[in-house]
Amino acid sequence: MRLSEKPLADAEKVRAEMDWIYYLAQNGVHASLPILTNDHQLIAVYEEQEKYFITTAFHAAPGRCFDKNDPELWGPALFRKWGETMGRMHFLTQSYDAARVAVKRNEWGIWNISNPHLQQGRYHILLKKQQKLERQIASLPKDRQSYGMIHNDLHPFNFHIEKGDITVFDFDDSIYGWFALDIAIAAAHAVWWGSPAEDRSSRNEFAKRFLDEFLAGYDKQNRLDSYWIRQIPMFMDYRKSCSYFWWLSDWDGDESHLTPYQSAGIDYAVSFIENGQRFDGCEIEL
């Protein structure tokens, strides 16, 4: 069950999410399906003290979460299946009719980062990097073969694995965006959580191996022009930057309140940005 405090107007966008999941499942994607309410609705909305809570429930996905120490749950075969599943989703989005729902899901947009503590010092270096990436992304072309409804968060904690197959869930972040962005999100998190070692050389080598396998699976279901394949490392940079700012969105400016992981991550990112390098372990030639 998912209980989300959101404006009442967002209820229709959640219904659009549910419709998208059903469409994928009806066309061969293994996805965790919504459970209807007693009156056969996809969602339920509750009001409490002038706040609205949008409730959805889903069937449990079979199988287990990834484990990078288990070859059945992490390795080339899984990477290909992961890519094949995303490729199928991107193929289907090209024929998905948004007229099926009253309100469409959001389009990708520039993030308004308003926390004043992030407007100065080393945090401002990261912010400038974020803004540069957003300008670059905003200038990219959009067409049916490269842009459409995407999961937007298909990292390895958002699917379960059973007998070599995967079932996808958590479509809460789904938007209209670039297919290359969706691929980059998967790759960035695969490197982040699944690299066998943490040094930069190992992470970069793992990123190459991962994308070789992932894209081999992806290509079985959807063909993506080489122009977009070349954008994946840039989108990986963008995902990493977004992750830092998501962690720090409510930060009070006191560095003693940062976790050691957050502080080390910021140091790592800034050091590479200042040297004009990528900071996600993705110096990939594709």
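Everything discussed here concerns the structure shown above.
Note that the structure is predicted; figures quoted are calculated from it, not measured.

Draft legend 1. Quick peek at the packing of aromatic side chains. Under the counting rule described, the total for this entry stands at 25 aromatic pairs. Between the aromatic rings of Trp20 and Tyr23, the centroid separation amounts to 6.4 Å while the plane-to-plane angle is 20°, which identifies the pairing as stacked. One end of the pair is Trp20 and the other is Tyr23, both in helix α1 (residues 11-26) and three residues apart, which spans about a single turn. Trp20 sits in the buried class, given a relative accessible area of 0%. When the centroid spacing of 6.2 Å and the interplanar angle of 35° are considered together, the rings of Trp178 and Phe235 count as tilted. Of the two residues, Trp178 is situated in strand β7 (residues 175-178) and Phe235 in helix α7 (residues 232-247); the sequence distance between them amounts to 57 residues. Both residues of the pair, Trp178 and Phe235, belong to the buried class. We note Lys104 situated over the ring of Tyr176; from NZ or CZ to the ring centre the distance is 4.4 Å. Here the basic side chain of Lys240 rests over the ring of Trp192, its NZ or CZ set 4.4 Å away from the ring centre.

Draft legend 2. Representation of helix α5 (residues 200-218) within the structure. Here α5 spans 26 Å end to end across 19 residues, near enough to the 27 Å set by a 1.5 Å rise per residue. The complete set of buried residues in α5 reads Arg200, Arg203, Asn204, Phe206, Ala207, Phe210, Leu211, Phe214, Leu215, Gly217 and Tyr218. For α5, the angular spread of buried residues about the axis comes to 160°, placing them on one side. Exposed residues on α5 whose side chains face more than 90 degrees from its buried face are Ser201 and Asp212.

Draft legend 3. Quick look at the packing of helix α4 (residues 179-194) against α7. The N-to-C vectors of α4 and α7 enclose an angle of 65°; their axes lie 8 Å apart at closest approach. The pairing of α4 with α7 is recorded here as roughly perpendicular in orientation. In this structure, α4 meets α7 at a crossing whose hand is right-handed. Residues Ala180, Leu181, Ile183, Ala184, Ile185, Ala187, Ala188, His189, Val191 and Trp192 of α4 lie in contact with α7, whose contacting residues are Ile232, Phe235, Met236, Tyr238, Arg239, Lys240, Ser243 and Trp247.

Draft legend 4. Broad picture of the packing of helix α2 (residues 76-93) against α5. One can describe the packing of α2 onto α5 by two numbers: an axis separation of 6 Å at closest approach and a directional angle of 50°. As far as their axial angle goes, α5 and α2 are oblique. In this structure, α2 meets α5 at a crossing whose hand is right-handed. Taking contact as the criterion, the partners of Pro76, Phe79, Arg80, Trp82, Gly83, Glu84, Met86, Gly87 and His90 in α2 are, on α5, Phe206, Phe210, Glu213, Phe214, Gly217 and Tyr218. Looking at the contact of α2 with α5 residue by residue, the classes come out as eight nonpolar, four polar and three charged.

Draft legend 5. Seen up close, the sheet that holds strand β1 (residues 2-5). The sheet built from three strands is open, its strands ordered β1-β3-β2 with antiparallel pairing. Two strands close off the open sheet at either side, each with one partner strand: β1 and β2 (44-48). On average, each strand axis in the sheet is tilted by 25° relative to the strand beside it, whichever way the strands run. Bridging between β2 and strand β3 (residues 51-56) involves five bridges; their strand directions are antiparallel. Bridge pairing in β3 links Glu47 to Tyr52. Strands β1, β2 and β3 of the sheet are contacted by α1, whose axis makes an angle of about 10° with β3.

Draft legend 6. Main features of the environment of Asn38. In this fold, Asn38 is placed in the loop between α1 and β2. Relative accessible area serves as the criterion here: at 81%, Asn38 is assigned to the exposed category. A sequence separation of 142 residues divides Asn38 from Ala180, and the C-alpha atoms of the two residues are 39 Å apart.

Parameters at a glance
- Residues numbered from 1 in each chain as written.
- Predicted model: local features only at pLDDT ≥ 70, side-chain atom pairs only at ≥ 80, totals over all residues.
- Heavy atoms only, no water.
- Phe/Tyr/Trp six-rings, centres within 6.5 Å; stacked < 30°, edge-to-face > 60°.
- Helix = DSSP H or I, 4+ residues; strand = E, 2+ residues; numbered from the N terminus.
- Buried < 20%, exposed > 50% of the residue type's maximum accessible area, 1.4 Å probe, protein only.
- Lys NZ or Arg CZ within 6 Å of the ring centre and 35° of its normal.
- Expected span 1.5 Å × (residues − 1).
- Arc of directions from axis to C-beta.
- Axes fitted to C-alpha atoms, helices over the stretch in contact; angles between N-to-C directions.
- Parallel < 35°, antiparallel > 145°, perpendicular 65-115°, else oblique.
- Left-handed = near helix turned anticlockwise from the far one by under 90°.
- Contact = heavy atoms within 4.5 Å.
- Nonpolar A, V, L, I, M, F, W, Y, C, P; charged D, E, K, R; others polar.
- Pairing = 2+ DSSP bridges.

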